[in-house]
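Structural description and commentary
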Amino acid sequence: MPSNKGGSLNGGIIGKSNTTSFGKDKVTSTTSTGSATVTVGTATRFVEVLSVAGGGGGGFDYGAGGGAGGYRSLSLPVSASEAIPVTVGAGGTGGNEGPNSAATSGSNSSFVVGGITYTSAGGGLGGSGGVGPNCAAAGGSGGGGRGNGSLGAGNTPPVSPPQGNPGGSGDAPCNNKAGGGGGAGASACVAGACGGNANRNGADGIANSITGSSVYYAGGGGAGKCSPGSCKHGTGGQGGGGAGGQGCGPGPSNPAPSVKGVAGTANTGGGGGGASNVCGPVSPGDRDGANGGSGIVIVKELNKASGVWSMQSQMSSLQQGLWPSAGFSVDYLVIAGGGGGGSGYGGGGGAGGFRISYDTPLAGSAEFLGIGTHTITVGAGGTGGAPPSP
């Protein structure tokens, strides 16, 4: 018989060591753009999947922020050893002022479970200045519009729950003011609704703890700075959104050198920052928008069915008074003591009462496993009669 010194491996029980690791789920993150396959284990019956598409690129020349990639978080049943094809979308490219080319939207991310394909749509591109087809685009989250230009719609194509939100528009009185990109957690500001420079900020994404740590994904890109100097650049939204570019101001109060827009963070689906309209000597690329961040697909294999707890977790919750309960059912049989027989040609005593029930709710919300008590009384038999008593 195998040895188990100290009982550290098997709870003090002598026998074969149980090496199963309860409560530790396998997490596989696919971060490289393109296609891959995740094959689940032989005991896996459920998976949680986080899929984030690539973020949209930021616009050039007073450019708007790119929209965040579509965000989808799902729990799904799987077959043992099922192969799950996944595709990670790349971020869109920023707009290029040189050839006056618009930014591009992010690429889709997807995965297949049980023969069904689940797709997260790429983030919409941010609007640009200049001429040509430079309007914002719809996507998982929409890109920001430039000035009075239309903003990009979110959750396109529509899924439930929604994978993203619309981008923002610039301040209507000034055509040079662009809007931030939409994020998975919120829409960007529309037509001055947020007031002042907040209209250019990218919208926030959503925090997810599938990897064990809380991480934000799918934030919108910020819009670039415009003239006059009071118009500041937009910040990137939480979840990898890139900040907009900062051009120098018209006077001594804004002497800062120009800073290019910031790309969306890789593997977050963040939108790219829009470009500013820089003053002074212009180097190639200074007025170009930034690229969107690439997406990610994360598969978490649950080592138990949803709602199943390990004994350690259950007991810990019980001890803290946190274990939920809607009551407990029992089967019971109750018999009272029998009556004594009568004296002197007396009659026989009656049998004790008999009660039986199956699957009966037990009173109380947590009165089991050592929490709460139920009083039980066992009745004695009656005494027999003796003359002259009955």
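Here's what I pulled together on the structure shown here.

Rules and cut-offs
Residues numbered from 1 in each chain as written. Predicted model: local features only at pLDDT ≥ 70, side-chain atom pairs only at ≥ 80, totals over all residues. Heavy atoms only, no water. Helix = DSSP H or I, 4+ residues; strand = E, 2+ residues; numbered from the N terminus. Buried < 20%, exposed > 50% of the residue type's maximum accessible area, 1.4 Å probe, protein only. Contact = heavy atoms within 4.5 Å. Areas by Shrake-Rupley, 256 points an atom, 1.4 Å probe, with all protein chains shown as cover. Core = buried A, V, L, I, M, F, W, Y, C linked by side-chain atoms within 4.5 Å. Pairing = 2+ DSSP bridges. Axes fitted to C-alpha atoms, helices over the stretch in contact; angles between N-to-C directions. Salt bridge = Lys/Arg side-chain N within 4 Å of Asp/Glu carboxyl O.

This next bit is on the overall build of the chain. Scanning the chain for helices and strands turns up one helix and 12 strands. For the chain, the residues scored as buried account for 42% of the 390 residues in total. Counting only contacts in the chain whose residues sit at least 6 apart along the sequence, the fraction spanning at least 24 positions is 60%. Of the roughly 18800 Å² of accessible surface on the chain, 56% is carried by carbon and sulfur atoms.

Core analysis: the biggest nonpolar cluster contains 15 residues, and Val47, Leu76, Ile84, Phe111 and Val113 have the highest contact counts within it. Elements with a contribution of two residues or more to this core: β3 (46–52), β4 (71–77), β5 (83–88), β6 (109–113) and β10 (296–302). In terms of residue count, β5 provides more of this core than any other element does, three residues in total. Other than its neighbours up to four places away in sequence, Val47 contacts Val40, Leu74, Ser75, Leu76, Val78, Val299, Lys300 and Glu301. Formed by 10 residues, the second largest nonpolar core is a distinct cluster that contains Ala68, Tyr71, Ala184 and Tyr217.

With antiparallel pairing, the four strands of this open sheet are ordered in space as β1-β10-β3-β4. Both outer strands of the open sheet, β1 (26–30) and β4, are each paired with one neighbouring strand and no more. Sheet twist, expressed as the mean angle between neighbouring strand axes with direction ignored, is 15°. Bridging between β1 and β10 involves five bridges; their strand directions are antiparallel. Among the inter-strand pairings, Val27 is bridged to a residue of β10, identified as Lys300.

For the coordinates displayed, the defined rule picks out two salt bridges. A salt bridge links Glu301 to Lys26, with the shortest nitrogen-to-oxygen separation between them at 4.0 Å. On the criterion of sequence distance, the pair formed by Glu301 in strand β10 and Lys26 in strand β1 is long-range, its members being 275 residues apart. Judged by its relative accessible area of 6%, Glu301 falls in the buried class. One salt bridge connects Arg287 with Glu97, and the closest N-O pair in it is separated by 3.7 Å.

A few words on the sheet that holds β6. With antiparallel pairing, the four strands of this open sheet are ordered in space as β2-β5-β6-β7. Among the strands making up the open sheet, the edge pair consists of β2 (34–39) and β7 (116–120). Between one strand axis and the next, the sheet turns by 20° as a mean value, whatever way the strands run. By the bridge criterion, two bridges tie β5 to β6 in an arrangement that is antiparallel. Residue pairing across strands places Val86 opposite Phe111, the latter belonging to β6.

What follows is about unusual backbone geometry. Of the consecutive residues Thr156 and Pro157, the connecting peptide bond is found in the cis state with omega at -5°. The topology assignment puts Pro157 in the loop between β7 and β8 (206–208). Ser160 connects to Pro161 through a cis peptide bond whose omega is -5°. Here Pro161 shows up in the loop between β7 and β8. Even without a glycine there, the phi angle at Asp61 is positive, about 55°. Phi is positive for Asn267, which is not a glycine, with a value near 65°.

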